[in-house]
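Fold and geometry: a report
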Amino acid sequence: MAMRVVALAGNPNVGKTTIFNALTGMRQHVGNWPGVTVEKKEGVFEHRGERFLVVDLPGTYSLTAHSVDELVARNFLLNGNPDVVVNVVDATSILRNLYLTMEIFEMGLKNVVIALNKVDLAEKKGIKIDPVKMSRALGVPVVPLSAKEGIGLEELKEKIWEMAKGKIKTSPILPRYDPEVEREIEHISKCLKGTKLAERYPLRWLAIKLLQRDDEVMKLVLRHLGEEKLREIMTHIGEAEERYGRAMDLIIAGQKYEFIDGLTHEFMSYGKTGETLTDQLDRILVHPVYGFLAMAFVFYLVFKFVFAFGMPLQGLLDEAFSSFGSWLAPHIANETLRGLLVEGIVSGVGSVLSFFPLVFLLFLALSFLEDLGYMARVAVLMEGILRKFGLPGKAIIPLILGLGCNVPAVMATRTLDEERDRLVTMFVNPFIPCSARLSVISFLVGVFFGGNALVAVSIYVLAFAVALLSAKLVSHFVSGEESPFVIELPEFLLPSARSLLLHSWERSKEFVKKAGTVILVGSVLIWYLSNYPVPMGSGRSYAERLGHLFAPYLSLMGLDWKAGVSLLFGVIAKENVISTYGVLYGSVDAIRSAMTPLQAYVLAVVTTLYIPCIATIAAIRAESNWKWALAVTSYMIAVASLLGVVIWHLGQLLGL
């Protein structure tokens, strides 16, 4: 029997992901939506012998196709034929959340269940909601729940089952507008009546979206009805806007909110409440002075946590791989095979995998701050600064994502409305040190600086400074308008341990996958180049020849040919910088004796700032074009080279 499909829709920060994880547990898959680089999450749960496929749609505030997230969510609701649509609504922000609900209703969807989340928080804030009256007012079932506490989830499963089985009859309420707007909707509906579009989509929804000048709906009209019909409709809308004196989009949005406000009086009331803990914390965390001090302290604690707990685990793993290599070597008689397995694969892949604890702990810390609600405060805090450097406030989200991986961070620039903002953010995003570069920084800081978190922080601060200054420079050469900054500040909530572990594993498992694929191939290639046609030491191995090509250039930064080989293979994946050193030197002690702390610091900076990995270059090309990808690559090489030379010579002058 085919699985029933459940679409999970809602605003950002309403607890949608928490509900998704609670319903599906570990039975979930993360991929991309077809044709776009937006994350697609699917999971499965069972109830009463039925299997349900849950599709977690991107979080959106509306279903007007201004961004790719909105377009993906809307297209699935319209064309994906979900058996049930679960609309997650934040009980603490009913007015804003029900705007999306009304848009879902206007699309003609009747199989809707409202998951009223965070009811416990609403009660603490003095918000009283009667679920029965709310269900009567909206015309669809309402399930009150607290996903974080696990309350109401069984009731939600039951409602989903009943809706999928056709046991619930619904009558979703549709927003009503002023008579003048209703007349415009009716006029456009008559223009579309009897056409192919009317057979596929609700007439009222099409009319409203045309009044709002929705690009995708305008394209539909152009494709199915021709340019003349589109021109006729848009001319009429232009005349209507002249009469009203403002855009129909603003008129419809305003009246929709008025309708929702009137509706909420039927089921919601406000009691007395004092200042919440979130209000008290926000006075500090978004303060123009104290906020930045708090942010610096928070991220210092993040790196302190990662290094304090991660480095001992890294050491244990490194020792385990080394011991395994020593045990394996005597059991392999063939010298070539022994070298390949022990010196190539075990040494190369093992040196990278040993840093998995640091990567996992970084994702754990970032997931904690994100689920806690702190990252939204960082975005607000940084908005003014980003504007001064030619970046939109919303660019902070891709920049923060870059701390995990630059590939999804580049993809996340699609959420920015203006092409100019997307290009500039995409250009500077690869400067943000990803988790792969964290492994390189961690290795060098651990070996040469005793794991001092301040050394690592200094590299991150430098990288962010370079990114901002580069944005200021590049923004002068890219034309276009800046987009406005709108973000919600959610209530501070302690995330559940289960949710944190799921998020962290989903993000960090790519590191393990890469170690088993790209890093494995890279390690074998490095071993081959290091041992053929003759082993290193004679100056005739392929690796030595490649390295010596870059030696004169790297000597300006105090680095040798081995750094050249490592950086070259780092283009495949940044973790290869470590695995290459592991293959070339054979042990951490050998690396420590071959370099000074200043050279290690220069190598860490250059690795952080030079050419992005192949996957990031491919993502930039996919989101823009080859010219932009090559421009980013060339610029990063130039910046990394300049800073490498400056830091090396400055360090020597200071006697470091």
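Residues numbered from 1 in each chain as written. Predicted model: local features only at pLDDT ≥ 70, side-chain atom pairs only at ≥ 80, totals over all residues. Heavy atoms only, no water.

Right, let's talk about the overall build of the protein chain for a bit. On a plain count of helices and strands, the protein chain comes out with 31 helices and nine strands. Expected size for 656 residues packed as a compact globule is a radius of gyration near 26 Å; at 28 Å, the protein chain falls within 12% of this value. By its C-alpha atoms, the protein chain is 85 × 55 × 50 Å across when sized along the principal axes. For the protein chain, the residues scored as buried account for 55% of the 656 residues in total. Within the protein chain, contacts between residues at least 6 apart in sequence are counted, and of these 74% link residues at least 24 apart. Of the roughly 28,300 Å² of accessible surface on the protein chain, 61% is carried by carbon and sulfur atoms. Charged side chains in the protein chain number 63 positive and 63 negative. The centres of these two groups are separated by 2 Å. (Helix = DSSP H or I, 4+ residues; strand = E, 2+ residues; numbered from the N terminus. Rg over C-alpha atoms; globule rule 2.2 N^0.38 Å. Buried < 20%, exposed > 50% of the residue type's maximum accessible area, 1.4 Å probe, protein only. Contact = heavy atoms within 4.5 Å. Areas by Shrake-Rupley, 256 points an atom, 1.4 Å probe, with all protein chains shown as cover. Lys, Arg positive; Asp, Glu negative; His and termini not counted. Charge placed at Lys NZ, Arg CZ, Asp CG, Glu CD.)

Below, the discussion takes up the layout of surface pockets. A volume near 570 Å³ is recorded for the second largest pocket. Taken together, 21 residues make up the lining of the second largest pocket; nearest its centre are M295, F299, Y460, V461 and F464. Contributing elements (two or more residues each) for the lining of the second largest pocket: α14 (290-328), α16 (356-372), α17 (374-388), α18 (396-401) and α22 (453-475). When residues in the lining of the second largest pocket are grouped by element, the largest group, seven residues, is from α14. Considered class by class, the residues forming the lining of the second largest pocket number 21 nonpolar, no polar and no charged. (1 Å grid on protein atoms, 1.4 Å probe; cavity = no way out; pocket = protein on both sides within 12 Å on 5 of 7 lines; lining within 4 Å. Points joined across faces, edges and corners; volume = space filled by probe spheres on them. Nonpolar A, V, L, I, M, F, W, Y, C, P; charged D, E, K, R; others polar.)

Glancing now at the domain arrangement of the protein chain. Each assigned domain of the protein chain is listed with its residue range as follows: domain 1 (4-164), domain 2 (179-269) and domain 3 (275-656). The C-alpha centroid of domain 3 is placed 48 Å from the C-alpha centroid of domain 2. (Domains from an automatic or database assignment.)

Across all of its chains, the model carries one cavity of 30 Å³ or more by this definition. Taken as a whole, the largest cavity encloses approximately 50 Å³ of empty space. Lining the largest cavity are 11 residues, with C434, R437, K574, C613 and T616 sitting closest to its centre. Residues of the lining of the largest cavity, tallied by class, amount to five nonpolar, two polar and four charged.

Time to look at the side chain of D214. Within the secondary structure, D214 is located in the loop between α9 (203-211) and α10 (215-225). Here R74 takes part through its side chain, which lies 2.6 Å from a polar atom of the side chain of D214. (Polar contact = N/O pair within 3.5 Å; in protein donor to acceptor, adjacent residues only side chain to side chain.)

Here the focus is the pattern of salt bridges. Per the stated rule, a full pass over the model turns up 24 salt bridges. Where K256 meets E106, a salt bridge forms, and the shortest distance between an N and an O atom there is 2.9 Å. In this pair, K256 sits in helix α12 (residues 248-264) while E106 sits in helix α3 (residues 94-106), placing the two residues 150 residues apart along the sequence. For the pair K256 and E106, one class covers both residues: buried. Here R213 makes a salt bridge to E241, at a shortest N to O gap of 2.9 Å. Taken together, the positions of R213 in the loop between α9 and α10 and E241 in helix α11 (residues 227-244) put the pair 28 residues apart, joining distant regions of the chain. Take E241: its relative accessible area is 14%, and that puts it in the buried class. Salt bridges sharing common partners tie together E103, E106, K209 and K256. (Salt bridge = Lys/Arg side-chain N within 4 Å of Asp/Glu carboxyl O.)

Within the element layout of this structure, G59 appears in the loop between β4 (50-56) and α2 (68-79). Of the residues examined, G59 reaches a relative accessible area of 28% and is grouped as partly exposed. Residues G59 and T17, spaced 42 residues apart in sequence, show a C-alpha to C-alpha distance of 9.4 Å. Excluding its chain neighbours within four sequence positions, the residues that come into contact with G59 are G10, N11, P12 and K16.

Moving on to the packing of aromatic side chains. Scanning the model with the defined rule gives 14 aromatic pairs in all. Ring pairs connect the aromatic residues F427, F431, W628 and Y635, which therefore count as one cluster. Between R377 and the ring centre of F492, over which it is positioned, the NZ or CZ distance is 4.2 Å. (Phe/Tyr/Trp six-rings, centres within 6.5 Å; stacked < 30°, edge-to-face > 60°. Lys NZ or Arg CZ within 6 Å of the ring centre and 35° of its normal.)

Another aspect to go through is a nonpolar patch on the surface. Nonpolar side chains collect at one region of the surface, where L642, V646, L650, L653, L654 and L656 lie side by side and expose about 690 Å² of accessible area between them. The residue L642 is located in helix α31 (residues 626-653) in this model. (Patch = residues over 30% accessible without salt bridge, like charges linked within 9 Å, V, L, I, M, F, W, Y side chains within 5 Å.)

We now examine helix α6 (residues 153-164). Compared with an ideal rise of 1.5 Å per residue, which puts 12 residues at 16 Å, α6 spans 16 Å between its outermost C-alpha atoms and is within 8% of the ideal. When you tally the buried positions in α6, you get nine out of 12 residues, the bulk of the element. Downstream of α6 by a residue or two, G166 has a phi angle that is positive, lying close to 75°. (Expected span 1.5 Å × (residues − 1).)

Each neighbour pair has its own omega, and for Y532 with P533 the value is 0°, a cis peptide bond. Note that P533 resides in the loop between α24 (518-531) and α25 (542-555). Not every positive phi belongs to a glycine, and K118 is a case in point at roughly 65°. Structurally, K118 is set in the loop between β6 (112-117) and α4 (119-124). Relative accessible area serves as the criterion here: at 10%, K118 is assigned to the buried category. Positive phi, close to 55°, is recorded for R213, a residue that is not glycine.

By the criterion of burial, strand β1 (residues 4-10) is predominantly enclosed, with six of the seven residues buried. Pairing between β1 and β4: five bridges, direction parallel. Each residue of the ladder has a partner; that of L8, found in β4, is D56. Relative to strand β5 (residues 84-90), β1 runs parallel, the two sharing five bridges. When the sheet's bridge partners are listed, A9 is paired in β5 with N87. (Pairing = 2+ DSSP bridges.)

So, about the pairing of β6. Among the six residues in β6, six count as buried, and that is most of the element. The two faces of β6 match: V112, I114 and L116 on one face and V113, A115 and N117 on the other face are all buried. One ladder, built from six bridges, connects β5 with β6; its direction is parallel. In the sheet register, N87 faces β6, and the bridge partner there is I114. Following the backbone out of β5, through α3 and into the adjacent parallel β6, one traces a crossover that is right-handed. Strand direction decides the pairing type here: β6 and strand β8 (residues 142-144), joined by three bridges, are parallel. Opposite I114, over in β8, you have V142 as the bridge partner. (Right-handed = clockwise from strand over helix to strand, strands pointing away.)

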